[in-house]
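# Topology and contacts: notes
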Amino acid sequence: QVQLVESGGGLVQAGGSLRLSCAASGRTFSRYTMGWFRQAPGKEREFVAAIRWGDGSTYYADSVKGRFTISRDNAKNTVYLQMNSLKPEDTAVYYCAATPRLYYTDTYYYRWDLYDDWGQGTQVTVSS
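Residues numbered from 1 in each chain as written. Predicted model: local features only at pLDDT ≥ 70, side-chain atom pairs only at ≥ 80, totals over all residues. Heavy atoms only, no water.

## Focus: the pattern of salt bridges
One pass over the full model with this rule turns up seven salt bridges. Where R111 meets D113, a salt bridge forms, and the shortest distance between an N and an O atom there is 2.8 Å. Under the relative-accessibility criterion, R111 is labelled partly exposed at 32%. The structure contains a network of salt bridges with shared partners spanning R38, E46, R67 and D90. (Salt bridge = Lys/Arg side-chain N within 4 Å of Asp/Glu carboxyl O. Buried < 20%, exposed > 50% of the residue type's maximum accessible area, 1.4 Å probe, protein only.)

Okay, here's the thing in structure tokens:
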């Protein structure tokens, strides 16, 4: 397992930007898929974006495509979520997650139940 710590959340006006960080323990995560999920109060957990650590392939939910960008810094063992053009409906607790179980497939990256390790979450609030 890996330890994950999110940071970078906060309050921003609609149309603004935030960058979330997910610091992971360990030296190598080449076989891991890293994902961002979010959950608003009273709502189900929702897939946001994912990245395959080894080759950098990325996947996005339709609701954030074109606005959010997921990336990773191998030297820092850190995954980022750059969020631009934020909307009030983006308000949620954002969680970083990791799994080695998607190494052999490019599908199911949106399944929260397939991720093994989770961070504590960071609050993102977008005001209108």
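Having seen the structure, we can now continue with the description.
## Things to note about the sheet that holds strand β7 (residues 68-73)
With antiparallel pairing, four strands are arranged side by side in an open sheet as β1-β3-β8-β7. The open sheet has two edge strands with one neighbour each: β1 (4-7) and β7. Recorded for the sheet is a direction-independent mean angle of 15 degrees between the axes of neighbouring strands. Of the strand pairs in this sheet, β7 and strand β8 (residues 78-83) are connected by six bridges, and their pairing is antiparallel. Across the sheet, residue D73 finds its bridge partner in β8, namely T78. (Pairing = 2+ DSSP bridges. Helix = DSSP H or I, 4+ residues; strand = E, 2+ residues; numbered from the N terminus. Axes fitted to C-alpha atoms, helices over the stretch in contact; angles between N-to-C directions.)

## Some thoughts on the packing of aromatic side chains
All told, the structure shown has nine aromatic pairs when counted by the stated rule. Considering the side-chain rings of F37 and Y115, the 5.0 Å spacing of their centres and the 75 degrees angle between planes classify their relative orientation as edge-to-face. Here F37 is found in strand β4 (residues 33-39), whereas its partner Y115 is found in the loop between β9 (92-99) and β10 (117-118), with 78 residues between them in sequence. Geometrically, the ring pair formed by F47 and Y109 is tilted, given 5.6 Å between the ring centres and 55 degrees between the ring planes. Of this pair, F47 sits in strand β5 (residues 46-52) while Y109 sits in the loop between β9 and β10; the two residues are 62 residues apart in sequence, bridging distant segments of the chain. (Phe/Tyr/Trp six-rings, centres within 6.5 Å; stacked < 30°, edge-to-face > 60°.)

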